[in-house]
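Listed below, chain by chain, are the residues.
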Amino acid sequence: MKRIILFVLTNVLVVAVLGVVASLLGVNRYLTGSGLNLGALLGFALVFGFGGAIISLLISKPVAKWSSGVRVINQPTNVDEAWIVDTVRKLSERAGIGMPEVGIFDGAPNAFATGAFRNSALVAVSTGLLQGMTHEEIEAVIGHEISHVANGDMVTMTLIQGVMNTFVVFLSRVIGYAVDSFLRKGDERSSGPGIGYYISTMVLDIVLGFAAAIVVAWFSRHREFRADAGSAQLLGRKQPMINALARLGNMQPSELPKSVAAFGITGGVGQLFASHPPLEERIAALQNAQS
């Protein structure tokens, strides 16, 4: 979950900064005296949409290290650290990817993998996970994260986020221009976009951004099932991953930081924004899978 939250939040911030820079530099050339230049607007939306997503991907690893307080294990200092590094190396070799950086961060049971390239990723596990699970269960969780890297989930998510960003930027400005034109109907003295355009665009960026987040969350949930199956394949059996998921279900969840608390909704409409499926569904999918 941490991997998805960091990526989405970083993407939103990057796109917002790009938008401000574009306004200051006056590169919004899609607005002309005769109306919207849809071709230019589409180009603008593509550049900003995919630009924001790609930049978010490229900085995902340093952002994850900073925001989660990850301590990278450059040289193991104890038996546990040596075991984690060896486990990541073993599973990475089986998955056919380069050895990721390995890190530990303080917190409740959790783990994540991130990075722009499958051969230079980061795999991090929390102290809560190390203290609350058996070695076999931790190995299954690490296998799950390695599978995310091997499957190229972060790159695929970047492409989906880029498409969603493009959709949001393009549609919000088309609708915003239409609203502004309606409000200023008959006003021949005014030229250029009015306050109606800027307010409508701002509101629509937020509303459509939520709709785009639902699509990204759906993709994330879908990939979790595949990563669970990938862990079972790397370990040669599915029971360790089933046990790890069951263990997580019995652990007391910690309170999320205020900056990401909105992502902690578990029921009702909040399920649409959930980055992970319910643990019961993931366990059932593994149990029903062919061995």
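All residue numbers refer to positions counted from 1 along the written sequence of the respective chain. pLDDT decides what is reported in this predicted model: residues at 70 or higher carry local features, side-chain atom pairs at 80 or more are listed and counted, and totals for whole chains, interfaces and linings draw on all residues regardless. Only hydrogens and water are removed before side-chain values are computed, so all heavy atoms of the structure are retained for them.

**Q** Help me understand the nonpolar core in this model?
**A** It is characteristic of soluble globular proteins that their nonpolar side chains tend to be buried jointly. Nonpolar cores are built from buried Ala, Val, Leu, Ile, Met, Phe, Trp, Tyr and Cys residues. Side-chain atoms within 4.5 Å join them into one set. For the exposure calls, accessible area comes from a 1.4 Å probe over protein chains only, and a residue counts as buried if that area is under 20% of its type's maximum, exposed if over 50%, partly exposed in between. If you look at the biggest cluster of nonpolar residues, it comprises 31 residues, and the most contacted ones within it are Ile 84, Val 88, Val 125, Met 133, Ile 142 and Ile 146. A helix here means a DSSP run of H or I that spans at least four residues, while a strand means a run of E at least two residues long, and both kinds are numbered starting from the N terminus. Within the residue set of this core, elements represented by two or more residues are α4 (79-95), β4 (101-105), β5 (111-114), β6 (122-126), α6 (135-150), α8 (195-235), α9 (239-250) and α10 (279-288). It only takes one pair of heavy atoms within 4.5 Å for two residues to be counted as in contact. The residues touching Val 88, leaving out its near neighbours within four places in the chain, are Met 99, Pro 100, Val 102, Val 123, Ile 142 and Ile 146.

**Q** Teacher, can you tell me more about the pairing of β6 here?
**A** Across the five residues that make up β6, a large majority, five, are buried. Along β6, one buried face is formed by Leu 122, Ala 124 and Ser 126 and the opposite face, lined by Val 123 and Val 125, is buried too. Two strands make a pair as long as DSSP finds a minimum of two bridges between them. Both β4 and β6 contribute to a ladder of five bridges, which runs parallel. The residue bridging Gly 103 from the neighbouring strand is Ala 124, located in β6. Pairing geometry for β5 and β6, over four bridges, is antiparallel. When the bridges of β6 are listed, Ala 111 appears paired with Val 125.

**Q** Could you clarify how one ought to interpret the sheet that holds β6 in this entry?
**A** One key point about sheets: their strands pair by backbone hydrogen bonds, in either a parallel or an antiparallel sense. Strand order in the open sheet formed by four strands is β3-β4-β6-β5, and the pairing between neighbours is mixed. What marks the edges here is a single partner per strand, and that holds for β3 (71-72) and β5. The strands touched by helix α3 (residues 60-68) within the sheet are β3, β4, β5 and β6, with β5 carrying the most contacts at an inclination of about 150 degrees. To define axes, lines are fitted to C-alpha atoms, for helices over the stretch in contact only, and angles between the resulting N-to-C directions are given on a 0 to 180 degree scale.

**Q** So what exactly am I meant to see when it comes to the packing of α6 against α9 here?
**A** Helices that pack against each other are described as a pair by the angle of their axes relative to one another and the distance between those axes. Viewed as axis vectors pointing N to C, α6 and α9 meet at an angle of 100 degrees, and their least axial separation amounts to 8 Å. By the angle between their axes, α6 is roughly perpendicular relative to α9. Listed contacts from α9 to Glu 136, Glu 137, Ala 140, Val 141 and His 144 of α6 are Pro 240, Met 241, Asn 243, Ala 244 and Arg 247. Gly is put with the polar residues, along with every residue not named as nonpolar or charged; the nonpolar set is Ala, Val, Leu, Ile, Met, Phe, Trp, Tyr, Cys and Pro, and the charged set is Asp, Glu, Lys and Arg. Within the contact of α6 with α9, the residues separate by chemical class into five nonpolar, two polar and three charged. With respect to orientation, any angle under 35 degrees is reported as roughly parallel, any angle over 145 as roughly antiparallel, any angle of 65 to 115 as roughly perpendicular, and every other angle as oblique.

**Q** In this structure, what is going on with α6? I would like to understand it.
**A** In an α-helix, one full turn covers 3.6 residues, which means residues spaced three or four apart are oriented alike. Across its 16 residues, α6 extends 22 Å between first and last C-alpha, which sits within 8% of the 22 Å expected from 1.5 Å per residue. Among the 16 residues in α6, 13 count as buried, and that is most of the element. In the stretch just after α6, Gly 152 is the one whose phi turns positive, near 70 degrees. Helix span, expected: 1.5 Å multiplied by one less than the number of residues in the helix.

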